[in-house]
Amino acid sequence: SDIFMEQADLYQTLGQFNEAVNTYRVVLNEAPSPVRGEEALQRLTTALQLAGNIPESENHCVQFLQKYPTSPLVPAVMFRASENAFAQAEVVFKTPAAANRDAEMIRLYGEAEKRYAALLAKAPEYPQISLAKYGQALCNYRLGKYDIAAKQLAAIPAADRAEQLAPVGFLVAD
């Protein structure tokens, strides 16, 4: 299973997320050691989310958190679960004709914000914590809580405001 795990990691690094998903599934189906199974399941949640399969990623996040509640990988899965909730909210936001759109946006962005808050409280040293802060701020912005969002954006260190977080500086200035 080590070779398959390395292959899946390489697929994920190369942005070939569907291939990574299939290969992580091979690892899990081979009845790996408990540690390898834990790692493969965590990485599968990420690959599924990055492949755009939010519902299945969400199911595996729930499965992971139930099966491995004390794992050091919990923050990574909590981050993916937060991102999944945010992605679901964004679909509704981008669909003006959605039924009960306003109520759904409040529910979905509220859920995503709650998940980000739980991650921030549990793992403030998580390597992608600034992305989580950004996601939480965007949720509050979409919910019309502009003052809260502005404070959350301002709390993202300037050194982190590159690549995916490049818009933070513009949003703070605005």
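Here, every reference points to the structure presented above.
A brief report on the enclosed structure follows. (Residues numbered from 1 in each chain as written. Predicted model: local features only at pLDDT ≥ 70, side-chain atom pairs only at ≥ 80, totals over all residues. Heavy atoms only, no water.)

### Quick look at the overall build of the protein
And step 1. Of the regular secondary structure elements, the protein holds 9 helices and 0 strands.
And step 2. Reading the protein from its N terminus to its C terminus gives the helix and strand order α-α-α-α-α-α-α-α-α.
And step 3. Expected size for 174 residues packed as a compact globule is a radius of gyration near 16 Å; at 17 Å, the protein falls within 12% of this value.
And step 4. In terms of overall dimensions, the protein has a C-alpha envelope of 50 × 40 × 30 Å along the principal axes. (Helix = DSSP H or I, 4+ residues; strand = E, 2+ residues; numbered from the N terminus. Rg over C-alpha atoms; globule rule 2.2 N^0.38 Å.)

### So, helix 7 (residues 129-142)
And step 1. Taking 1.5 Å of rise per residue, the 14 residues of helix 7 would be expected to cover 20 Å, and the 20 Å separating its terminal C-alpha atoms lies within 8% of that figure.
And step 2. Burial of helix 7 is extensive: 10 of the 14 residues sit out of reach of the surface.
And step 3. For helix 7, every residue scored as buried is listed here: Ile129, Ser130, Leu131, Ala132, Tyr134, Gly135, Gln136, Ala137, Cys139 and Asn140.
And step 4. A positive phi of about 80° marks glycine 144, the residue just after helix 7. (Expected span 1.5 Å × (residues − 1). Buried < 20%, exposed > 50% of the residue type's maximum accessible area, 1.4 Å probe, protein only.)

### Description of the pattern of salt bridges
And step 1. Evaluation of the coordinates by the stated rule reveals 9 salt bridges.
And step 2. Between arginine 36 and glutamate 39 there is a salt bridge; the shortest N-O distance is 3.0 Å. Separated by 3 residues within a single helix, arginine 36 and glutamate 39 lie in helix 3 (residues 34-50), roughly one turn from each other.
And step 3. Residue glutamate 39 is classed as partly exposed on the basis of its relative accessible area of 24%. (Salt bridge = Lys/Arg side-chain N within 4 Å of Asp/Glu carboxyl O.)

### Description of the nonpolar core
And step 1. Within the largest apolar cluster, 43 residues are counted, with the highest numbers of intra-cluster contacts made by Tyr24, Leu119, Tyr126 and Ala132.
And step 2. Broken down by element, this core gets its largest block of residues, 10 residues, from helix 5 (residues 74-93).
And step 3. Excluding residues within four positions of it along the chain, alanine 132 makes contact with Phe79, Tyr116, Leu119 and Leu120. (Core = buried A, V, L, I, M, F, W, Y, C linked by side-chain atoms within 4.5 Å. Contact = heavy atoms within 4.5 Å.)

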